[in-house]
Amino acid sequence: RFYRLDGNQWTPFGQTLSGTTQNEEFGTSISLNEDGTILAVASPWANGGDGKVSVYEYENDTWSLRGNIIENAAGGSGGALSLSHDGNVVAMTNGNGAKVYSFDGSDWQIETSRSGNELMRSICISADGTRVVYAGQDWMHHFDKVDGS
């Protein structure tokens, strides 16, 4: 369920979102863009544990899917994700690595993929979507620019 602060009171808005299959763990990780109009939702156990990420946009009192569902993403027990402030770049952990996708106006396109040496547990992307930090239990890595440089 979604809530927004209206004056000094939290009020519900939009419809309730849910996963498409049992045991996909829809909503294990969620991230909102800066103004709360774009929402990324991880389902780490969808597709037999390969995972998926669904990104929604709020318009006309409705949450609608924004572009394609990102398949084979945020899989397994990692499943963390983070959206840039404008909601056009999403970073996610995926097993022992990280992936970054950007929105091209109609669909999500992979920008880069990195791997680590252990299960990745958390991830964060900078406001402008150009710097990513991801971490496991005893290991942290970062990379700059969505193009992987």
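Residues numbered from 1 in each chain as written. Predicted model: local features only at pLDDT ≥ 70, side-chain atom pairs only at ≥ 80, totals over all residues. Heavy atoms only, no water.

What follows concerns the layout of surface pockets. Empty space among the atoms can be located by rolling a probe the size of a water molecule over them. Of the pockets and cavities examined, the largest pocket occupies roughly 320 Å³. If you go around the largest pocket, you meet 17 residues; those closest to its centre are R1, F2, I30, L32 and L39. Looking at the lining of the largest pocket, the elements with two or more residues in it are β1 (2–6), β3 (29–32) and β4 (38–43). For the lining of the largest pocket, the element with the highest residue contribution is β1, accounting for three residues. Its residues assigned to classes, the lining of the largest pocket comprises 11 nonpolar, three polar and three charged. (1 Å grid on protein atoms, 1.4 Å probe; cavity = no way out; pocket = protein on both sides within 12 Å on 5 of 7 lines; lining within 4 Å. Points joined across faces, edges and corners; volume = space filled by probe spheres on them. Helix = DSSP H or I, 4+ residues; strand = E, 2+ residues; numbered from the N terminus. Nonpolar A, V, L, I, M, F, W, Y, C, P; charged D, E, K, R; others polar.)

With the rule as written, the count across this model stands at six aromatic pairs. On the numbers, 5.1 Å between centres and 50° between planes, the contact of Y58 with W63 is tilted. W63 sits in the buried class, given a relative accessible area of 4%. Among the aromatic residues, those joined into a ring-pair cluster are F2, F13, Y58 and W63. The ring of F103 carries the charged tip of R66 above its face, separated from the ring centre by 4.0 Å. (Phe/Tyr/Trp six-rings, centres within 6.5 Å; stacked < 30°, edge-to-face > 60°. Buried < 20%, exposed > 50% of the residue type's maximum accessible area, 1.4 Å probe, protein only. Lys NZ or Arg CZ within 6 Å of the ring centre and 35° of its normal.)

The antiparallel open sheet is built from four strands, whose spatial order is β8-β9-β10-β11. What marks the edges here is a single partner per strand, and that holds for β8 (81–83) and β11 (108–115). Neighbour-to-neighbour, the strand axes of this sheet turn through a mean angle of 15°, independent of strand direction. (Pairing = 2+ DSSP bridges. Axes fitted to C-alpha atoms, helices over the stretch in contact; angles between N-to-C directions.)

Below, the discussion takes up the pattern of salt bridges. Pairing between side chains of opposite charge can happen when their charged atoms approach one another. All told, the structure shown has two salt bridges when counted by the stated rule. When the shortest N-O distance is used, the salt bridge between E24 and K52 registers 3.8 Å. One end of the pair, E24, is in the loop between β2 (9–13) and β3; the other, K52, is in strand β5 (residues 52–59), with 28 residues separating them in the sequence. When its relative accessible area of 7% is taken as the criterion, K52 is described as buried. Linking E57 and R66 is a salt bridge whose minimum nitrogen-to-oxygen distance equals 3.4 Å. Taking the relative accessible area as the measure of exposure, E57 reaches 24% and is therefore partly exposed. (Salt bridge = Lys/Arg side-chain N within 4 Å of Asp/Glu carboxyl O.)

In this section: the environment of I38. Tracing the backbone shows I38 in strand β4. I38 sits in the buried class, given a relative accessible area of 3%. Sequence separation between I38 and E57 is 19 residues, and the spatial gap between their C-alpha atoms is 4.5 Å. Sequence-distant contacts of I38, that is, excluding residues within four places in its chain, are made with S31, L32, N33, V55, Y56, E57, W63, R66, L83, D86 and G87. (Contact = heavy atoms within 4.5 Å.)

This next bit is on the sheet that holds strand β14 (residues 140–144). Strand order in the open sheet formed by three strands is β12-β13-β14, and the pairing between neighbours is antiparallel. Sheet topology places β12 (122–125) and β14 at the edges, where each strand pairs with a single neighbour. On average, adjacent strands in this sheet sit at an angle of 15° to one another, irrespective of strand direction. Both strand β13 (residues 131–135) and β14 contribute to a ladder of five bridges, which runs antiparallel. Following the sheet pairing, V133 is matched in β14 by H142.

By themselves, these are just geometric observations and shouldn't be taken as functional.
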